[in-house]
Amino acid sequence: MTATARTVHLVGDSTAAPKHAAAAPETGWGTALPYYLSEGVAVANHARNGRSTKSFTDEGRLAAALDAVRPGDVFVVQFGHNDAKAEDPARYTEPRSTYTSHLREFVVGARAAGACPVLVTPVERRSFDDAGAALAGHGEYPDAMRSLAEAEDVPLVDAQRDSLALWHELGREETKRYFLHTPDGRRDDTHFSPLGAGAVARLVATGLLVTGAMHDGEVRRLDESVPEDWFTWSAEPPA
């Protein structure tokens, strides 16, 4: 067995989080990420449903994730979906102020722990206009994250840009297979099927390699799709 060289720690929301059996086939892209990483790289998926940068921090989840970091690890941060929920003061952040300041806490904490922080813009939902063009739906949050990444010299994986391009390429009907459009009647254009989770994980793994956050030999199989039978779901919801 190959010894683990380092760990990729993932913090974020439900689009990345691990799921339990009752939620299947809903799948977070973080579950698929290990398929694209070498056996010498572990993944610790700290992402949880419904969290924003604010609530993740306020609940002590950022501190707990940072406690698990070891020098040389990678600390991947994707938030934005729930930060935009202005009706919920426990989660809402404003893009150019509180969202940015919270993200900076993640970056500073990761660096203090000896890890390489990586910012990942929020992956796009499934939305199309009448002409069939995929629509961007995250407002100023992706640009706010891009600005912070530039200001703090942090590697940026632009999942918002890349997922939007992928959904546009696939089109309105084909993208239903990538989201939770299921025979039992679920119509969810935010959360992923195994196919969609694998596709986003491949975008992120590619970005980790291109930005230099990870190296040749740590990222693999980018020309493959994750087999559906590779996925598993836990019996109980993650804590």
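Attention in this report is confined to the structure presented alongside it. Quick caveat: nothing in here was measured; it's all calculated off a predicted structure.

1. Considering the overall build of the protein chain
- A tally of helices and strands in the protein chain yields seven helices and seven strands.
- Its helices and strands taken in sequence order, the protein chain reads β-α-β-α-α-β-α-β-α-β-α-β-β-α from the N to the C terminus.
- The C-alpha atoms of the protein chain give 17 Å as radius of gyration, which agrees with the globular expectation for 239 residues (18 Å, within 12%).
- Projected onto its principal axes, the C-alpha coordinates of the protein chain cover approximately 45 × 45 × 35 Å.
- In the protein chain, which comprises 239 residues, the proportion classed as buried is 50%.
- Summarising the internal contacts of the protein chain: among those between residues at least 6 apart in sequence, 75% fall at separations of at least 24.
- Total accessible area on the protein chain stands at roughly 10500 Å², and carbon and sulfur atoms take up 51% of it.
- If the 24 positive side-chain charges of the protein chain are averaged to one point and the 35 negative ones to another, these points end up 2 Å apart.

2. Examining the packing of helix H4 (residues 95–112) against helix H5 (residues 141–152)
- Running from N to C, H4 and H5 cross one another at 45°; their axes reach a closest spacing of 10 Å. As summarised for this structure, H4 and H5 are arranged oblique, according to the angle between their axes. Two packed elements cross with a definite hand, and for H4 against H5 that hand is right-handed. Each of Pro95, Arg96, Tyr99, Thr100, Leu103, Arg104 and Arg111 in H4 lies in contact with H5, whose residues at this interface are Tyr141, Asp143, Ala144, Met145, Ser147, Leu148 and Glu152.

3. Remarks on the sheet that holds strand S5 (residues 156–157)
- Spatial ordering of the open sheet is given by S2-S1-S3-S4-S5, a layout of five strands whose pairing is parallel. The open sheet has two edge strands, strand S2 (41–45) and S5, and neither has a second partner.
- Where strand S3 (residues 74–78) meets strand S4 (residues 116–120), four bridges bridge the pair, whose relative direction is parallel. When the bridges of S4 are listed, Val76 appears paired with Val118.
- The strands that H4 touches are strand S1 (6–12), S3 and S4; relative to S4, the one it contacts most, it runs at about 155°.

4. Concerning the pairing of S1
- Summarising burial for S1: seven of the seven residues are buried, a large majority.
- Pairing geometry for S1 and S2, over five bridges, is parallel. Note on S2: the bridge partner recorded for Leu10 is Asn45.
- Taken together, the five bridges between S1 and S3 define a ladder with parallel strand orientation. Counterpart to Gly12 in the pairing with S3 is Gln78.

5. A look at the environment of Leu103
- Of note, Leu103 is situated in helix H4.
- Each C-alpha atom of the pair Leu103 and Cys116 lies 14 Å from the other, and the pair is 13 residues apart in sequence.
- Here Leu103 is in contact with Thr53, Val77, Leu119, Met145 and Leu148, once residues within four sequence places are set aside.

6. Some thoughts on the pattern of salt bridges
- As enumerated under the stated definition, the model contains 15 salt bridges in all.
- The partner of Glu140 in a salt bridge is Arg96, with the nearest N and O atoms 3.7 Å apart. With Glu140 in the loop between S4 and H5 and Arg96 in helix H4, this pair connects stretches of sequence that are 44 residues apart.
- Overall, the relative accessible area of 45% leaves Glu140 in the partly exposed class.
- The partly exposed category is assigned to Arg96, whose relative accessible area is 44%.
- Where Asp184 meets Arg186, a salt bridge forms, and the shortest distance between an N and an O atom there is 3.7 Å.
- Three or more residues are tied together by salt bridges with common partners; here these are Arg51, Glu59 and Arg61.

The rules behind each value
- Residues numbered from 1 in each chain as written.
- Predicted model: local features only at pLDDT ≥ 70, side-chain atom pairs only at ≥ 80, totals over all residues.
- Heavy atoms only, no water.
- Helix = DSSP H or I, 4+ residues; strand = E, 2+ residues; numbered from the N terminus.
- Rg over C-alpha atoms; globule rule 2.2 N^0.38 Å.
- Buried < 20%, exposed > 50% of the residue type's maximum accessible area, 1.4 Å probe, protein only.
- Contact = heavy atoms within 4.5 Å.
- Areas by Shrake-Rupley, 256 points an atom, 1.4 Å probe, with all protein chains shown as cover.
- Lys, Arg positive; Asp, Glu negative; His and termini not counted.
- Charge placed at Lys NZ, Arg CZ, Asp CG, Glu CD.
- Axes fitted to C-alpha atoms, helices over the stretch in contact; angles between N-to-C directions.
- Parallel < 35°, antiparallel > 145°, perpendicular 65-115°, else oblique.
- Left-handed = near helix turned anticlockwise from the far one by under 90°.
- Pairing = 2+ DSSP bridges.
- Salt bridge = Lys/Arg side-chain N within 4 Å of Asp/Glu carboxyl O.

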